[in-house]
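# Close look at the chain arrangement
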Amino acid sequence: MAKKTKTGVKKRGEKIYWKQMIPLYLLMLPGLTYMICNNYLPMFGISIAFKKLDVRKGIWGSPWCGFENFKFLFKTSTAFDIIRNTVLYNVVFIILGTVLAIAAAILLNEVRSKVASRIYQSLILLPYLISWVVVSYLVYAFFAADTGLINSVLKGLGLNTIQWYQEKRYWPFILTFVHLWKGIGYSMIIYLSSIVGISQDYYEAARIDGATKWQQIKNITLPLIKPTVITMFILSIGRIFASDFGLFYQVPKNSGALYSVTQTIDVYVYNALMQNSDYGMSSAASVFQSIVGFILVMTANKIVSKYSRENALF
Amino acid sequence: MKGKETIRWQIYANAAMTVLTLLALIPFILLIIASFTDNQWATVNGFSFFPGKWSMEAYKYIAASWSTIGKSYLMTIIVTAAGTALSLVVTAAFAYSLSDTRLPGGRFVNFLCVFTMLFGGGIVASYYTWSQIFHIRNTIFALIFPGLLMNAFNVILVKNYFTFSVPASLKEAARIDGAGELKIFASIVLPLSVPILATIGLMTGLMYWNDWTNGLYYLNQRDGSKYYTIQLILNQMNENISYLSKNASQMAGVSVGSLPATTVRMAIAVVGVLPVLVIYPFLQKYFVKGITLGAVKE
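Since the model is a prediction, treat every value here as computed from it, not as a measurement. (Residues numbered from 1 in each chain as written. Chains lettered and ligands numbered in written order. Predicted model: local features only at pLDDT ≥ 70, side-chain atom pairs only at ≥ 80, totals over all residues. Heavy atoms only, no water.)

## Here's the deal with the overall build of chain B
- A tally of regular secondary structure across chain B gives 14 helices and zero strands.
- Reading chain B from its N terminus to its C terminus gives the helix and strand order α-α-α-α-α-α-α-α-α-α-α-α-α-α.
- In terms of principal-axis extent, the alpha carbons of chain B reach across some 75 × 70 × 35 Å.
- Residues counted as buried form 53% of the 298 residues belonging to chain B.
- Only carbon and sulfur atoms are counted for the fraction: they give 68% of the accessible area of chain B, which is about 13500 Å².
- Placing the 20 positive and 11 negative side-chain charges of chain B at their respective mean positions leaves the two points 4 Å apart. (Helix = DSSP H or I, 4+ residues; strand = E, 2+ residues; numbered from the N terminus. Buried < 20%, exposed > 50% of the residue type's maximum accessible area, 1.4 Å probe, protein only. Areas by Shrake-Rupley, 256 points an atom, 1.4 Å probe, with all protein chains shown as cover. Lys, Arg positive; Asp, Glu negative; His and termini not counted. Charge placed at Lys NZ, Arg CZ, Asp CG, Glu CD.)

## Describing the interface of chain A and chain B
- Taken together, the contact between chain A and chain B spans 100 residues of the former and 103 residues of the latter.
- Both sides together, the interface formed by chain A and chain B hides about 9300 Å², and carbon and sulfur atoms give 74% of it.
- The tally of links between chain A and chain B comes to zero salt bridges.
- Inspection of the region where chain A meets chain B yields 28 residue pairs in polar contact (both at pLDDT 80 or more).
- The element contributing the most residues to the side of chain A that touches chain B is helix H2 (residues 14-44) of chain A, with 21 residues.
- Of the residues assigned to the side of chain A that touches chain B, the class counts are 68 nonpolar, 24 polar and eight charged. (Contact = heavy atoms within 4.5 Å. Buried area = accessible area lost by both parts, 1.4 Å probe. Salt bridge = Lys/Arg side-chain N within 4 Å of Asp/Glu carboxyl O. Polar contact = N/O pair within 3.5 Å; in protein donor to acceptor, adjacent residues only side chain to side chain. Nonpolar A, V, L, I, M, F, W, Y, C, P; charged D, E, K, R; others polar.)

## Description of the nonpolar core
- Counting 155 residues, the largest nonpolar core has Val251 of chain A together with Phe94, Phe162 and Ile268 of chain B as its most contacted members.
- Counting residues per element, this core draws most heavily on helix H14 (residues 262-295) of chain B, at 13 residues.
- In contact with Ile268 of chain B, not counting residues within four places along its chain, are Ile62, Ile69, Ile230, Ile233, Leu234 and Met237 of chain B.
- Of all hydrophobic cores here, the second largest spans 27 residues; its members include Ala104, Ile198, Ile217 and Val229 of chain A. (Core = buried A, V, L, I, M, F, W, Y, C linked by side-chain atoms within 4.5 Å.)

## Points about the confidence of the model for chain A
- Residues of chain A with pLDDT of at least 70 account for 93%, and the chain-wide mean is 87.
- In the model, residues 1-13 of chain A has pLDDT below 50 throughout and makes seven contacts with residues more than four positions away in sequence or in other chains. (pLDDT = per-residue confidence, 0-100.)

And the structure:
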């Protein structure tokens, strides 16, 4: 159909065709300009990582320095920490997040009362809609050393209080909990929409055959949402090198004492760039992240498209 | 047997959902109670769900310093409204141009758009571009432009809606009647696309309301604080606290006096989150729709 129109228009002559198209180019212009400024100019900015940047001279005026910045970065022990933190947190988030969200979606789907189900769903989604800054205040209300709820409970029980924002060992758990708390509503809704799409006929047939609820979940629900689960899973593997800046910057309040367990690539880049104005190190880390990220996304997408064409990104 | 099993599952499901719901709500409840706690009492006893002494002091403080907080509130509203409106116009226009398969070069631009989802220059390159090339630092544009104005995901959603949910016959009929593309876009396609525009508009609005990273990167405390939104006021208090605890001995730069009391900070957080909490019940089904739309790509 589209092809027919195209040739049809062309037959009427190029002139009319272009005249007709000009308004469409006008509509495209603001978006295209924005995309070039916001997405494509920074792609050229990657060259910063290979330069000894002098802000006064600009990117083009600054001398090249090859892989010097990367060498400096990977010499530091921080480089190992931030990569380990970024990847490990993501692995834990993916596993726990997927399992809990599927369990929650299955249970929510079992709730008979429509009103109750809607109330549960809206309230569990609520944390997802809140900014990370506000989340840091919520966390602070629990963990503040002097006025936090947990310390006052500990005091009440006659136990020693804990300087939460100075003690590293608790943070992997706190950050994981906060991540799940904020994100579970979102992924629960995604899995729920996949479960709701399953035809009731399957369950009807299973019930007639005397299948228990558990058998129905195991043999109908789980196999049928598998495509969604696998797609979500692989796409998050593709993003394993990215981290949620808000979670790792705001929630530990950028506390230096906690860096070795809370600092991810994104937080490191922010601190190096904005606190130390270190273009060399920060751009090396940031470019390393985007290139590895690109390779991972491409690989993940390739796998998704092999597994199920319609779920691939492109 | 059957009935018993059903009842048992109802109990499981409702119990589990009640636990999750409470977990989601409790931190907000604590925050709100903390903001109504007497500061003196909180300093001695810490926050509690059942404070020994309630107080409106924190909110009186906010009312008294409304010149700062009210201004940041106004700034949040301006940025959210302007950003969302601009974002919708730019996204819809761009998506419409891409939805026309006859457009020469359209497929290439479409590829450029999809490619931005796969690869980016990274934070440092973006920062350099916006601050050194466009000199956006310490202007209100810093809160509207970088990163937030248009994204490939929304473009694809809107484009798909234009292609699959707006009847092609209507556009064709208008063309035969001699209507130009701009007229078709403005008076046929846009009015029929209100549902998708409302959905992505809502999500975009929420993104602008909640954003603090642009301010963190592009506004500094000295020259940019006049553009601080409520999120950035909250962030600034966080930064001042960590500055104080790092430099406890010197106390240079920030004096303890400039930092509001702990219950006041909680009250400012309540004020910052309140609009979302108030609006949410009315719009919750659109938020849910926005999420499922984003996930189930057609």
